[in-house]
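Here is what each chain is made of, one letter per residue.
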Amino acid sequence: SDVCSSDLAGKMEEQLKSAADALEAFIGGQPKDPNIPDALIKFGLCQQRLAGLMAQPQERVKMYQAARATYERLMGKGPGKHPLHAAQATFERAKCITAAGDINTGINELRKFTNDPLKQTPIAPQAVLQLATYLRGQNRTAEALDVFAKNRDFLEALLAKAKDKEIGRAHV
């Protein structure tokens, strides 16, 4: 069983490295391409997954920091130009910060999704759920419940609106 899971992890690592290399080449070779924001998100996700596969804590933290830097590149392009990508990058960056060992900064970054403009983005419900999960993990249950209570009605309406859009697209 260990050999099988080791083989699987090795294969996954190989595929992630290959995808990361291809994305990095695309990003470097096509800086003005309109698909760069999407490529940066995918590159960061590859880096995050690679970090999760690393056995050595120092190497894992280094890879999470690389993913964080990738998301910061996207965030530096300004949320006005790519608001959905910037919101996704902010969310993933917060997860990288936390995974690298700085839970309090990660929590503070996720709190941004409880206020405008990030509160209005499609990723906000997932970010608030992650925030509550981190708070709960820190034995701050009352605070986690408070975050949910204060944001529940708004986020449920946002989710319903997104679901309606998907249903509308399915019927077209």
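The rules behind these values
Residues numbered from 1 in each chain as written. Predicted model: local features only at pLDDT ≥ 70, side-chain atom pairs only at ≥ 80, totals over all residues. Heavy atoms only, no water. Disulfide = S-S within 2.5 Å. Buried < 20%, exposed > 50% of the residue type's maximum accessible area, 1.4 Å probe, protein only. Helix = DSSP H or I, 4+ residues; strand = E, 2+ residues; numbered from the N terminus. Axes fitted to C-alpha atoms, helices over the stretch in contact; angles between N-to-C directions. Parallel < 35°, antiparallel > 145°, perpendicular 65-115°, else oblique. Left-handed = near helix turned anticlockwise from the far one by under 90°. Contact = heavy atoms within 4.5 Å. pLDDT = per-residue confidence, 0-100. Polar contact = N/O pair within 3.5 Å; in protein donor to acceptor, adjacent residues only side chain to side chain. Salt bridge = Lys/Arg side-chain N within 4 Å of Asp/Glu carboxyl O.

**With respect to the state of the cysteines**
No. 1: This structure, assessed with the given rule, holds zero disulfides.
No. 2: Just so you know, Cys46 is unpaired, no disulfide at all, and the nearest cysteine sulfur is the one on Cys96, 12 Å from it.
No. 3: Taking relative accessible area as the criterion, Cys46 reaches 9% and is therefore assigned buried.
No. 4: Residue Cys96 is classed as buried on the basis of its relative accessible area, which comes to 1%.

**A short note on unusual backbone geometry**
A negative phi holds for most residues other than glycine; trans holds for most peptide bonds.
No. 1: With an omega of 5 degrees, the peptide bond running from Asp116 to Pro117 counts as cis.
No. 2: Topologically, Pro117 is positioned in the loop between α5 (103-111) and α6 (124-137).
No. 3: The backbone phi angle of Asn139 is positive, close to 60 degrees, even though this residue is not glycine.
No. 4: Here Asn139 is to be found in the loop between α6 and α7 (141-170).
No. 5: Asn139 gets classed as exposed once you look at its relative accessible area, which sits at 66%.

**Structural notes on the packing of α5 against α6**
Between two packed helices, what matters for the description is the angle formed by their axes and the separation of those axes.
No. 1: Two elements in contact, α5 and α6, have axes separated by 9 Å at closest approach and are oriented at 150 degrees. The orientation of α5 relative to α6 falls into the category roughly antiparallel. In this structure, the crossing between α5 and α6 has a hand that is left-handed. Contacts between α5 and α6 involve Ile103, Ile107, Leu110 and Arg111 from the former and Ala127, Gln130, Leu131, Tyr134 and Leu135 from the latter.

**Looking at the confidence of the model for the protein**
No. 1: Considering every residue of the protein, the mean pLDDT works out to 88; 91% of them sit at 70 or more.
No. 2: The secondary structure element of the protein with the lowest average pLDDT is α7, at 80, and the one with the highest is α5, at 97.

**Considerations on the side chain of Glu109**
No. 1: Looking at where Glu109 falls in the secondary structure, it is placed in helix α5.
No. 2: Its relative accessible area of 11% is what places Glu109 among the buried residues.
No. 3: Here Arg93 takes part through its side chain, which lies 2.7 Å from a polar atom of the side chain of Glu109.
No. 4: Those residues in contact with Glu109 that sit more than four places away from it in its chain are Arg93, Ala94 and Ile97.

**A closer look at the pattern of salt bridges**
No. 1: Using the criterion set out here, one finds eleven salt bridges in the structure.
No. 2: Across the salt bridge formed by Glu13 and Lys17, the nearest N and O atoms sit 3.2 Å from each other. Taken together, the residues Glu13 and Lys17, both in helix α1 (residues 2-29) and four residues apart, mark about one turn of the helix.
No. 3: Salt-bridge contacts for Glu143 lead to Arg111; the nearest nitrogen and oxygen are separated by 2.3 Å.

**A short note on the side chain of Asn151**
No. 1: In this structure, Asn151 sits in helix α7.
No. 2: There is a polar contact of 2.7 Å between the side chain of Asn151 and the backbone oxygen of Val147.
No. 3: Every residue in contact with Asn151, bar those within four places of it in the chain, is listed here: Thr114, Lys119 and Val128.

**Some details on the environment of Gly137**
No. 1: Mapped onto the elements of the fold, Gly137 is located in helix α6.
No. 2: By relative accessible area, which is 57% here, Gly137 ends up exposed.
No. 3: Residues Gly137 and Ile103, 34 residues apart in the sequence, show an inter-C-alpha distance of 9.8 Å.

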